[in-house]
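Tertiary structure, described
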Amino acid sequence: MAAARRNFVSEITPAKESWDVVIRVIQLWFVPEMNSKQKFYAMEMVLMDEKGFKIQASVRKALLSRFENKICEEIVDDLITVSPYSFVSFPEIVGKIDMDYLIDVVAILSVVGRERVYERNGVTTKFKVIELQMKLDCTLFGPYVDELDANLKSGNTDHVVVLPYYLKVKLYNGKIQMHNAMNCTKLLFNPKNTRGRFFKAEVNIF
């Protein structure tokens, strides 16, 4: 008896509820409840199949206890043969990009702005605006400021390559800007690990 055919992510449609796919979790994050950073109402994931097709998946609060310790984010050299990134060029960003989707970019870090504070509904959040090559701004909020500062304090300050993935694009005062999506965005500086291997293969910057 022939084995059942497995589907690729690109074949998934609303036509049915159950699909047989082989995927890897290339990104995973928890979404905290509004009034408690220690409690979560969802686990979000980005899944990728062997062809590099990706899709977002969610585990809601009612099922979190069942799956949160069984699913993990992992990229292994021998198992991932296609890039987990979908890099967007700077001309595409300032052009007609769909702002409903998160993007991956890579660039030389040009300028780091001073730390400032943003207040909304009584909640204060620190942020910094960094300028990437091509004069494009990216705003980092909260813990992402700490990641930036930690990298700069390590002594890596000249020609720093920054690879932020899952960034949000928005139009602010008539100017295209990017900012992190809280809990979801990841930052890499001068990547040399597994993800960096794909990065260097796609972008001639090193």
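Residues numbered from 1 in each chain as written. Predicted model: local features only at pLDDT ≥ 70, side-chain atom pairs only at ≥ 80, totals over all residues. Heavy atoms only, no water.

1. Focus: the nonpolar core
- In terms of nonpolar packing, the biggest core is built from 24 residues, with Ile93, Ile103, Leu132, Leu140 and Met178 touching the most fellow members.
- Those elements that place two or more of their residues in this core are helix H2 (90-94), strand E5 (107-112), strand E7 (123-132), strand E8 (136-141), helix H3 (143-153), strand E9 (161-172), strand E10 (175-180) and strand E11 (186-189).
- Here isoleucine 103 is in contact with Val88, Ile93, Ile97, Pro164, Tyr165, Tyr166, Leu167, Val169 and Met178, once residues within four sequence places are set aside. (Core = buried A, V, L, I, M, F, W, Y, C linked by side-chain atoms within 4.5 Å. Buried < 20%, exposed > 50% of the residue type's maximum accessible area, 1.4 Å probe, protein only. Helix = DSSP H or I, 4+ residues; strand = E, 2+ residues; numbered from the N terminus. Contact = heavy atoms within 4.5 Å.)

2. A word on the sheet that holds strand E3 (residues 54-60)
- Pairing in this open sheet of 3 strands is antiparallel, and the strands run E1-E2-E3 from one edge to the other. Either end of the sheet is taken by a strand with one partner, and the two such strands are strand E1 (24-33) and E3. The mean inter-strand angle of the sheet, taken between neighbouring strand axes irrespective of direction, is 25°.
- Inspection of the sheet shows strand E2 (residues 36-48) paired to E3 by 7 bridges, in the antiparallel sense. The residue of E3 that forms the bridge with methionine 43 is valine 59. (Pairing = 2+ DSSP bridges. Axes fitted to C-alpha atoms, helices over the stretch in contact; angles between N-to-C directions.)

3. Topic: the layout of surface pockets
- Put simply, the largest pocket is a space of about 1,200 Å³.
- Lining the largest pocket are 26 residues, and of these Lys37, Tyr118, Arg120, Thr125 and Met182 sit closest to its centre.
- Those elements that provide at least two residues to the lining of the largest pocket are E1, E2, strand E6 (116-120), E7, E8, E9 and E10.
- Per-element accounting of the lining of the largest pocket gives the leading share, 5 residues, to E7.
- What the second largest pocket holds in volume is close to 400 Å³.
- Taken together, 15 residues line the second largest pocket, and the ones lying closest to its centre are Val46, Gln56, Tyr101, Leu102 and Tyr166.
- Counting only elements with at least two residues in the lining of the second largest pocket, the list comes to E3 and strand E4 (103-104).
- Sorting elements by how many residues they give to the lining of the second largest pocket places E3 first, with 3 residues.
- Residues that form the lining of the second largest pocket fall into these classes: 10 nonpolar, 2 polar and 3 charged. (1 Å grid on protein atoms, 1.4 Å probe; cavity = no way out; pocket = protein on both sides within 12 Å on 5 of 7 lines; lining within 4 Å. Points joined across faces, edges and corners; volume = space filled by probe spheres on them. Nonpolar A, V, L, I, M, F, W, Y, C, P; charged D, E, K, R; others polar.)

4. Considering the packing of aromatic side chains
- Inspection of the entire model under this criterion finds 6 aromatic pairs.
- With centroids separated by 5.1 Å and ring planes inclined at 40°, the aromatic side chains of phenylalanine 30 and phenylalanine 40 adopt a geometry described as tilted. Of this pair, phenylalanine 30 sits in strand E1 while phenylalanine 40 sits in strand E2, and the two are 10 residues apart along the sequence.
- For phenylalanine 30, a relative accessible area of 23% translates into the label partly exposed.
- For phenylalanine 40, a relative accessible area of 31% translates into the label partly exposed.
- Three or more aromatic residues link up through ring pairs in this structure, and these residues are Tyr85, Phe87, Tyr165 and Tyr166.
- The ring of tryptophan 19 has lysine 16 lying over it, and the distance from NZ or CZ to the ring centre is 4.4 Å. (Phe/Tyr/Trp six-rings, centres within 6.5 Å; stacked < 30°, edge-to-face > 60°. Lys NZ or Arg CZ within 6 Å of the ring centre and 35° of its normal.)

5. Section: the pattern of salt bridges
- Evaluation of the coordinates by the stated rule reveals 7 salt bridges.
- A salt bridge links arginine 60 to glutamate 44, with the shortest nitrogen-to-oxygen separation between them at 3.2 Å. Here glutamate 44 lies in strand E2 and arginine 60 lies in strand E3, a separation of 16 residues in the sequence.
- Exposure remark for glutamate 44: the relative accessible area of 7% places this residue in the buried category.
- The salt bridge involving aspartate 149 is made with lysine 128; its shortest N-O contact spans 2.6 Å. One end of the pair, aspartate 149, is in helix H3; the other, lysine 128, is in strand E7, with 21 residues separating them in the sequence.
- Taking the relative accessible area as the measure of exposure, aspartate 149 reaches 16% and is therefore buried. (Salt bridge = Lys/Arg side-chain N within 4 Å of Asp/Glu carboxyl O.)

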